[in-house]
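# Working through the structure, step by step
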Amino acid sequence: MRKISDLLKIMIFIFGMWMLQGILAYFQIKHFRKVVNEMKKQGKVLIGQQKGKLSAGSIVVLAIDKHNKVINVQEMRGITVFDKFRVKDEFINKSIDELKRELPNMKNKKSSLALKKAIEQL
């Protein structure tokens, strides 16, 4: 009887953690949509994503003007639902061609691949 009680507690704990993860993921998606909608007001939006299997992934959102110059860049990098978008000032006011040339020299390869995927949408 005690084993069933212990198993039930474990199952309830696992279910609770699963529900918490779902709720936190909802808020992360809501944050993503808010960032994208704000950037759409600034210009054309390009989104690139590079998943990490056991390491941090990266999502890059670029806003560009009609001359393909970067107005705003934000990146979410990490592995948890607590990650938020952060502005990447080093890319702002550069042309898409300049970004393409800088891709091979970027230190973070996940960010580089996500940025490359975003640029490929043009």
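By convention here, each chain's residues receive numbers from 1 onward along its written sequence. At least 70 in pLDDT is required for a residue's local features to be given in this predicted model, at least 80 for side-chain atom pairs to be given and counted, and no such filter applies to totals for whole chains, interfaces and linings, which use all residues. Calculation of side-chain values draws on the structure's entire complement of heavy atoms; hydrogens and water are dropped beforehand.

### Looking at the sheet that holds strand 1 (residues 44-50)
Pairing between two strands is assigned when DSSP locates at least 2 bridges connecting them. Helix and strand assignments come from DSSP, with helices taken as H or I runs of at least 4 residues and strands as E runs of at least 2, each series counted from the N terminus. With antiparallel pairing, the 4 strands of this open sheet are ordered in space as 1-2-3-4. Of all strands in the sheet, those bounded by a partner on one side alone are strand 1 and strand 4 (86-87). Where strand 1 lies against strand 2 (residues 57-64), 7 bridges are found, and the strand directions are antiparallel. Looking across to strand 2, one finds that Ile47 is bridged to Val61.

### Topic: the nonpolar core
Counting 15 residues, the largest nonpolar core has Leu62, Val70, Leu99 and Leu115 as the members making the most contacts within it. Where this core is concerned, the elements lending two or more residues are strand 2, strand 3 (70-78), helix 2 (96-102) and helix 3 (109-119). Of all the elements, helix 3 adds the most residues to this core, at 4 residues. Here, two residues are considered to be in contact whenever any of their heavy atoms come within 4.5 Å of each other. Apart from residues lying up to four places away in sequence, Leu62 is in contact with Met39, Lys44, Val45, Leu46, Val70, Asn72, Val73, Leu99, Leu115 and Ala118. Of all hydrophobic cores here, the second largest spans 8 residues; its members include Val35, Val36, Val61 and Phe85. By convention a nonpolar core is built from buried Ala, Val, Leu, Ile, Met, Phe, Trp, Tyr and Cys residues, the set being connected through side-chain atoms within 4.5 Å. When accessible area is computed with a 1.4 Å probe and restricted to protein chains, residues below 20% of their type maximum are described as buried, those above 50% as exposed, and intermediate ones as partly exposed.

### A few points about the environment of Phe27
Mapping Phe27 onto the fold places it in helix 1 (residues 2-40). We classify Phe27 as partly exposed; its relative accessible area is 46%. In sequence terms Phe27 and Asp65 are 38 residues apart; their C-alpha atoms lie 29 Å from each other.

### Some words on the side chain of Gln28
Its place among the elements puts Gln28 in helix 1. By relative accessible area, which is 18% here, Gln28 ends up buried. Those residues in contact with Gln28 that lie beyond four places of it in its chain are Met76, Thr80, Val81 and Asp83.

### Observations regarding the packing of aromatic side chains
When two rings of Phe, Tyr or Trp (its six-membered ring) have centres within 6.5 Å they constitute a pair, described as stacked for plane angles under 30 degrees, edge-to-face for angles over 60, and tilted for the intermediate range. The final tally for this structure, using the stated rule, is 3 aromatic pairs. Measuring from ring centre to ring centre gives 5.3 Å for Tyr26 and Phe27, while their planes differ by 70°; the resulting arrangement is edge-to-face.

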